[in-house]
Every structure is written in structure tokens, then in C-alpha cells.
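Descriptive analysis of the structure
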Amino acid sequence: MTSPNGTNFKDTPLVKSIDENIENIKRILSNSSDLLLNPFLISGIKCNLVCFEGMVSTSTITNLILNPMTEISLPEESSPDDIFEHIKNHMLLTVDRAEVTKYGDLIPRLMSGFAIILIDGMDKTFAFGVQGYETRGIDEPSSEGNIYGSHEGFVETVRTNMSLVRRRIKSPLLVFELFSVTDLSNVDVIVAYMSDRVPKKLVSSVKKKLKGMKLETVLSSGYIEPFLNDTKLSMFSGVSKTERPDVFCAKILEGRIGILIEGTPFALVLPALFIENFQTLDDYTFRPYYTTLVRWIRYLAFFAAVFLPAVYVAVVTFHPELFNHTMLVMLAEAEELAPLPLAAEAFLVLVFYEIIREAGVRLPKSVGGAVSIVGGLIIGDAAVSAGVISNPLLLVCAISVTASFVIPSLNQPVTVLRFISVIAGGIAGLYGIALVASVILVNICSLESVGAPIMSPLSPFTPRAMRDVLTRAGFRTLGRRTASVEDLKGVNMDGEGGNKS
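Residues numbered from 1 in each chain as written. Predicted model: local features only at pLDDT ≥ 70, side-chain atom pairs only at ≥ 80, totals over all residues. Heavy atoms only, no water.

Remarks on the overall build of the protein chain
On a plain count of helices and strands, the protein chain comes out with 15 helices and 12 strands. Computed over the C-alpha atoms, the radius of gyration of the protein chain is 29 Å, more than 25% above the 23 Å expected from 2.2 N^0.38 for a compact globule of 501 residues. The dimensions of the protein chain, computed from C-alpha atoms along their principal axes, are 105 × 50 × 40 Å. Taking all 501 residues of the protein chain together, 46% fall into the buried category. Sequence-distant contacts, at least 24 apart, represent 65% of the contacts inside the protein chain between residues at least 6 apart. Total accessible area on the protein chain is roughly 24500 Å²; 60% of this is exposed by carbon and sulfur atoms. Of note, the protein chain has its 44 positive side-chain charges centred 8 Å away from the centre of its 51 negative side-chain charges. (Helix = DSSP H or I, 4+ residues; strand = E, 2+ residues; numbered from the N terminus. Rg over C-alpha atoms; globule rule 2.2 N^0.38 Å. Buried < 20%, exposed > 50% of the residue type's maximum accessible area, 1.4 Å probe, protein only. Contact = heavy atoms within 4.5 Å. Areas by Shrake-Rupley, 256 points an atom, 1.4 Å probe, with all protein chains shown as cover. Lys, Arg positive; Asp, Glu negative; His and termini not counted. Charge placed at Lys NZ, Arg CZ, Asp CG, Glu CD.)

Quick notes on the sheet that holds strand β10 (residues 267-270)
Across the sheet, 5 strands lie side by side as β6-β7-β9-β10-β8; this open sheet has antiparallel pairing. The open sheet has two edge strands, β6 (174-181) and β8 (240-242), and neither has a second partner. Geometrically, the sheet is characterised by an average inter-axis angle of 25° between neighbouring strands, direction not taken into account. The pairing of strand β7 (residues 187-194) with strand β9 (residues 257-261) spans 4 bridges and is antiparallel. (Pairing = 2+ DSSP bridges. Axes fitted to C-alpha atoms, helices over the stretch in contact; angles between N-to-C directions.)

A short note on the sheet that holds strand β1 (residues 35-42)
Overall, antiparallel pairing links the 5 strands, which are arranged β1-β2-β4-β5-β3 in an open sheet. A strand with exactly one partner marks an edge of an open sheet, and here the two such strands are β1 and β3 (97-100). The mean inter-strand angle of the sheet, taken between neighbouring strand axes irrespective of direction, is 25°. Note that strand β2 (residues 45-52) and strand β4 (residues 114-119) share 4 bridges and pair antiparallel. Its bridge partner being in β4, Asn48 is matched across the sheet by Leu118. Where helix α2 (residues 58-70) meets the sheet, it contacts β1, β2, β4 and β5 (125-129), and its direction lies at approximately 170° from that of β2. Lying on the sheet, helix α4 (residues 103-111) is in contact with β2, β3, β4 and β5; it crosses β4 at an angle near 135°.

Quick word on the pairing of β3
Along β3, the buried face is formed by Ala98 and Val100; none of Arg97 and Glu99, which line the opposite face, is buried. Note: β3 against β5, 4 bridges, orientation antiparallel. Across the sheet, residue Val100 finds its bridge partner in β5, namely Thr125.

Some thoughts on helix α13 (residues 391-404)
Between its first and last C-alpha, α13 extends 20 Å over 14 residues, near the 20 Å set by a 1.5 Å rise per residue. Of the residues making up α13, those classed as buried are Pro392, Leu393, Val396, Cys397, Ser400, Val401, Ala403 and Ser404. Along the axis of α13, the buried residues cluster in a sector spanning 165°; they form a single face. (Expected span 1.5 Å × (residues − 1). Arc of directions from axis to C-beta.)

Re a negative patch on the surface
On the surface, Glu76, Glu77, Asp81, Asp82, Glu85 and Asp123 cluster together to form a negatively charged patch. Note that Glu85 resides in helix α3 (residues 80-90). Residue classification places Glu85 among the partly exposed positions, given a relative accessible area of 33%. (Patch = residues over 30% accessible without salt bridge, like charges linked within 9 Å, V, L, I, M, F, W, Y side chains within 5 Å. Salt bridge = Lys/Arg side-chain N within 4 Å of Asp/Glu carboxyl O.)

As C-alpha cells, then:
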């Protein structure tokens, strides 16, 4: 029936002998020590309650399954079919109940916290949802802070995340489709969407990509993202991540597809637009005039994060005439003692910052703060005092790094592009920076995610959607549902998407 490691059992049906079923389960699971077998009798017929230790709630399984089972009173001449029909028609036991006929259904349910009732003489059984494994409680999101919005964040349990979404969108149009991916681990994945706003072909295409992944397991959203991302030759992604149920719901209502994954608190949403990196939940609680100001600051921060060190290197090295006399003299005095070329000096400072940042992230929180202080203040001050690094360059790099904190969702492309820009500025001056900027612009304008241009609504230009891009209109205007993703110009969400650049 199965190989020694228990892999060839998916389509194998249960048999009528309870002893043979138990032996098959043991062989499939390689006699795992956390498998619990609880034999008992109903009207003289052998039964067995099978579950995994630590995956079920002891109190729930006792009160809802064991006690009612032991109280079943049927005539002694009752057959296994009579017991099965009595449980099926007269006992609810748990709300989450499924009839199982194959080992391919039985084993994954066991590993998901279900309890299985085996009855001697029956080649089918029931699986009862009595999950009771330890989970993290709903807490504030760690990566997406806000002031006035909800402080609930997704957790690692996918069904809890599903309830957080359902509580916010109480509509029959909200659809959840749950299925397992990966042949080995059977990780639960939920595809969520509004049935009236997402083409069926697109949903089928996304599900096909998820089911076609050649992975043994999925331990984070990063495992799945490459299979959904059409932007293979770009640093920018067509799939966004969020830890916030409210943000997830907002994007679902705009005609996106959301993906919840068992074991990770980060949900995926596609298609993702580039301008969404500069929008936060608080933008819709602040007054429009203040939101407009803050949003422009974010746009400015993006350019400062990517290009400020490169522009400084390029101007000081190749175009000093752009400075006035006073500033030029100050910069010359600061740089004349530095032993390295300016581009190499900037590159060294940025590399040093990345080392400090990585150390602060990977170390325990109690130590990470100390590393940042030691690296940023003590070592930085010592490097300037020793003349290895000039004060103006250190200030410019510090401003650039701080600006990148404003748009954390773009941290990865900003970090890489900052280094590329410094190299281009050190080699060809402002012309090199202009070339890099042009390549970035052409690349990002050519990208699509499931048929939606990533630079929408800027390119192609959709005037109606601009009310929430450079500025933010009031809710009397935004409240009208006229700007879903499918309504943007150039969008063709027919299932396979367009450009695969």
C-alpha cells in the first residue's frame, strides 16, 4: 500500500478491518511517538479514537467526542453500519466534521489537529475538528505601525486570519477558497477575493500557480511570492505583503486577490501597484491637506534614499561648479584629509551601515539596540575623528539611510539601487545617475502583475484615479466605488497577465 517512508498512500482507500487500518496508519507515519490511539467499544464493536499529541484540545475532545461516544446506547446486535449512521444522523459532536474514505484525506487531517474515529467493519470514518495546539494571540503588527487604525495583526494560524478578514467584510461576495499546497507538507493556503470584482479566469490562474509549485514545504510568504510574481527581471515586485487585516480588506475591496498562508502572519496581495508603497492606513484618518503633505515627503524621501549619496559624490567629484564658493571651500577642507576616493568612501560608509543594520536585526532585541548605538555613534565618531571618513559625506549617507525608513516596503530595492547609483555617480557623474534613473523608470513602467501595469495610474495615465496618488481627496469623493484596479487604463486581468519582464 505504501512505501516505508509513507509517501504513496494518497489514493489508497480505507479498509473494513480496524486493525489493518491502524497498522497502515502506523506504517505511513513510521510509528511516530506523538500518534495517540484510544481503543474503546460501542455495542461490543471495536472503535479507536486516533489523534496527534499536542494538536488537539484535551478538554474539547473529552467533552465533545469521548463522553458522547461512551454514552451511545444501541442494541447489542447493532452492526458497524448502524453505529456509523447513528453518529452521522443523531450526533453533531463538532461543527467541523468531515467524512473520510482515503488515507490521503485522513493523514493531512490528523496532522491539522483533527480526531479520527475508526469503526471495525467500516471502510469510511469521520474526522472531527478539535484543534487545540498552542498559537500566538492576536497582537499589534510589528512591521506596519499606525496611530489611529486598528492594532490587530495577522497571526500564524490561517483560520484565525480568515476570521479577522470576515469580521471586516461581512458580505456574501467575499469568497475564501482553502486548499493545500506542496506534496510533502500539505500547507494550507487561502485565496480570498470579492466574487463580483475579480475575473474567474484570474482566480483560476492564481490557484493553478499555487498548486503547481514544486516545493516540499512553505515556511514563509517568500516561498510563494516568486511563483506569483510576473516581474522576474526587476527589483520591484508585483506582489505586496501586509501584516494588517484592515489593509488586506481594503485591497480586496479594490478588486485584488489576497493569499493567506498557514504558518506566517504576512499575507500576499496581487496585483500590487508601485504608488501603494507611499500610502499608509493613517493617510485615510488624517485630514486631506496633511495627508498630501506627508505623501509628498515620502516621495522626496524615496529619491533621497536612492540618489542623495550618489548626487553628492557626482557633484563633488565632477561638477564642483554647482556649489557656491563658501560651500565649496568647506567641502574641500573636509575631504582633503580623507585617504580614499570619494566614491569608495561613500561605498564604505553604506556597507558599514548595512552591517550594523543586519546585526541589529539578527541579534536579540536587548542587544540589537546596543549594537546600533555602538556602531552608529562610537565607531562613526571615531572614523570621522581619525580622518577616515569626512563629516559631510557621513551626514549625507545618514540622511539617505534615514529617508529609507519612511518607505520600509521598498527597503530591498532602495538598498541595492543606492549602491548602484553611487558607483554610477563615481564613474560618470550626474550623467551616470541620469542613466541609472532612466533605466529604473523604463523598467518599472514596463512591468505588469497579472495584467495590471505596476505604474498605474501614472502610466498608463488614469485621471480619475489620481485623486489618491499625489494628493488625497476627501471621503465624499473616495466613497464612490469607481477606482478599482480593473477600472484603471491598460489593465487586462484576464487570467494570465501580460508582460513577463
